[in-house]
Amino acid sequence: MGAIVRASRPISWINTAYPFAAGYLLATREIDAILIVGTLFFLVPYNLLMYGINDVFDYESDLANPRKGGVEGDVVRDRGAAARVHRAILWACAITVLPFMAWLLLVGDGWAAVTLLLVVLGVIAYSAPGLRFKERPFLDSLTSALHFAGPLIYALVLADVPLTGATVWPIWVAFVLWGMASHAFGAVQDVRADREGGIGSVATVIGARATVRVAVVLYVAASALLLFLPWPSVLAAVLPLPYVVSTARFWNVTDATCEDANRGWRTFLWLNQPVGFVVTMLLILAW
């Protein structure tokens with residue numbers, strides 16, 4: 001059980017549950033069964049599916065990656081035990097995900113059902129053999145971004161909120177850009193390890209330095225989009241800026257020194273906490 005919980009990355013549970021809950025609550029202004037069930041789904045089962053199948057199908061490369069084995073990904077070093085754990089993870093994914101999905105598909109309309117299916121299929125396609133979007137440069141960053149923006153988009157569709165609304169599209173598009181920047185920057189630290197393991201990514205294709213610079217531009221673009229929001233929501237435009245500053249520290253990183261970017265990635269992980277707090281305060285003001 002402990003290995004299954006670790007595979008779901010508890011440190012990241014809030015990153016997917018919060019966007020759904022916040023989006024749905026602000027759109028409907030009520031606490032109902034859909035909010036509760038959807039939040040629980042995106043809190044644990046969704047993360048177990050996302051990270052669990054990644055751990056299973058990335059096992060060999062994770063063994064060779066020195067940063068794996070903590071909050072950035074659990075690795076079972078004993079191969080015999082790993083086989084048993086991986087089977088348990090896949091069963092746990094099915095047992096926890098399917099009941100939630102079945103209920104959510106029943107309570108939403110057709111567009112909500114399609115959106116949920118696409119979000120979940122994107123999670124599976126990222127790591128599953130035969131699809132492996134994580135090894136398709138540029139598509140890897142977009143898919144990863146939708147892992148986190150997807151729950152928000154689904155919440156809006158479920159609540160029948162037009163995604164093209166003047167106060168809506170800047171939020172979810174900026175969130176996607178933020179997610180793409182974050183994924184791209186996260187891939188920088190693994191450039192050498194991924195190339196040695198024959199794994200492709202946006203960073204292995206364009207190089208560590210170019211990837212960092214693309215990430216900085218994407219963070220800045222996310223900030224600029226949020227300027228289209230009305231007061232006080234426009235204050236959210238400052239939120240991507242700490243990520244700009246942190247990532248820009250590695251502006252001149254090279255492929256040979258790509259592992260240095262792990263310091264920036266660790267900064268990214270703790271930055272999410274205060275930024276999340278500020279987002280909450282802005283949501284309360286906007287309520």
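Before reading further, recall that the structure is shown in the block above.
Residues numbered from 1 in each chain as written. Predicted model: local features only at pLDDT ≥ 70, side-chain atom pairs only at ≥ 80, totals over all residues. Heavy atoms only, no water.

**Q** It is not clear to me how the packing of aromatic side chains should be interpreted in this structure. Could you clarify?
**A** For any two aromatic rings, the description comes down to two numbers: the centre-to-centre distance and the angle of the planes. For the structure shown, the criterion picks out 16 aromatic pairs. Pairing Phe-41 with Phe-100 gives two aromatic rings, centres 6.1 Å apart and planes at 35°, and the pair type is tilted. Separated by 59 residues along the polypeptide, Phe-41 in helix α3 (residues 33-43) and Phe-100 in helix α6 (residues 79-107) bring together distant segments of the chain. Since its relative accessible area comes to 0%, Phe-41 is described here as buried. Note on Phe-100: relative accessible area 24%, which makes it partly exposed. With 5.8 Å between their ring centres and 45° between their planes, Trp-169 and Phe-228 make a pair best called tilted. With a gap of 59 residues between them, Trp-169 in helix α9 (residues 169-188) and Phe-228 in the loop between α12 (208-226) and α13 (241-248) connect regions that are remote in the sequence. Overall, the relative accessible area of 30% leaves Trp-169 in the partly exposed class. (Phe/Tyr/Trp six-rings, centres within 6.5 Å; stacked < 30°, edge-to-face > 60°. Helix = DSSP H or I, 4+ residues; strand = E, 2+ residues; numbered from the N terminus. Buried < 20%, exposed > 50% of the residue type's maximum accessible area, 1.4 Å probe, protein only.)

**Q** Please explain the side chain of Thr-204 as it appears in this structure.
**A** Checked against the element boundaries, Thr-204 lands in helix α11 (residues 202-206). Judged by its relative accessible area of 13%, Thr-204 is buried. Side-chain polar atoms of Thr-204 contact the backbone nitrogen of Ser-201, separated by 2.8 Å. Sequence-distant contacts of Thr-204, that is, excluding residues within four places in its chain, are made with Val-191, Asp-194, Arg-195 and Ile-199. (Polar contact = N/O pair within 3.5 Å; in protein donor to acceptor, adjacent residues only side chain to side chain. Contact = heavy atoms within 4.5 Å.)

**Q** Any chance you could explain the nonpolar core here in plain terms?
**A** General note: in soluble globular proteins, nonpolar side chains tend to be found buried as a group. The biggest cluster of nonpolar side chains holds 76 residues, and the ones touching the most others in it are Tyr-24, Phe-41, Leu-116, Tyr-154, Phe-185 and Val-188. Once residues lying within four places of it in the same chain are set aside, the contact partners of Tyr-24 are Arg-29, Glu-30, Asp-32, Ile-34, Leu-35, Ala-155, Leu-158 and Ala-159. (Core = buried A, V, L, I, M, F, W, Y, C linked by side-chain atoms within 4.5 Å.)

**Q** I would appreciate a short explanation of the packing of helix α4 (residues 45-57) against helix α7 (residues 110-127) in the present structure.
**A** Helix packing geometry: the angle between the two helix axes and the distance between the axes. Put simply, α4 and α7 touch, their axes get as near as 8 Å, and they point 15° apart. The orientation of α4 relative to α7 falls into the category roughly parallel. α4 and α7 meet at a crossing whose hand is right-handed. Across the interface between the two elements, Tyr-46, Leu-49, Met-50, Ile-53, Asn-54 and Phe-57 of α4 pack against Val-119, Val-120, Val-123, Ile-124, Tyr-126 and Ser-127 of α7. (Axes fitted to C-alpha atoms, helices over the stretch in contact; angles between N-to-C directions. Parallel < 35°, antiparallel > 145°, perpendicular 65-115°, else oblique. Left-handed = near helix turned anticlockwise from the far one by under 90°.)

**Q** Is there a simple way to think about helix α2 (residues 13-28) in this case?
**A** Within an α-helix, residues lying three or four positions from one another point in the same direction, as the helix has 3.6 residues per turn. Under the 1.5 Å per step criterion, the end-to-end length of α2 is 23 Å for 16 residues, consistent within 8% with the ideal 22 Å. For α2, every residue scored as buried is listed here: Thr-16, Ala-17, Pro-19, Phe-20, Ala-21, Ala-22, Gly-23 and Tyr-24. Packed against the buried residues of α2 are α3, α4, α8 (139-158), α9 and α14 (261-286). (Expected span 1.5 Å × (residues − 1).)

**Q** Where do I start with the pattern of salt bridges in this structure?
**A** When the charged atoms of two side chains lie near each other, side chains of opposite charge can form a pair. This structure, assessed with the given rule, holds three salt bridges. Glu-135 is paired through a salt bridge with Arg-132; the nearest N and O atoms lie 2.8 Å apart. Since its relative accessible area comes to 28%, Glu-135 is described here as partly exposed. Among the ionic pairs, Arg-195 bridges to Asp-255, the shortest N-O distance being 2.7 Å. (Salt bridge = Lys/Arg side-chain N within 4 Å of Asp/Glu carboxyl O.)

**Q** I'm lost on the layout of surface pockets in this one. Help?
**A** In this approach a probe as big as a water molecule rolls over the atoms, and the regions it shows empty are the leftover space. Considering only enclosed or pocket space, the second largest pocket measures out at about 240 Å³ in volume. What lines the second largest pocket is simply Thr-115, Leu-118, Val-119, Gly-122, Phe-133, Leu-139, Leu-142, Thr-143, Leu-146, His-147, Gly-150 and Ile-153. Within the residue set of the lining of the second largest pocket, elements represented by two or more residues are α7 and α8. Looking at which element gives the most residues to the lining of the second largest pocket, the answer is α8, with seven residues. For the lining of the second largest pocket, the per-class residue count stands at seven nonpolar, five polar and no charged. (1 Å grid on protein atoms, 1.4 Å probe; cavity = no way out; pocket = protein on both sides within 12 Å on 5 of 7 lines; lining within 4 Å. Points joined across faces, edges and corners; volume = space filled by probe spheres on them. Nonpolar A, V, L, I, M, F, W, Y, C, P; charged D, E, K, R; others polar.)

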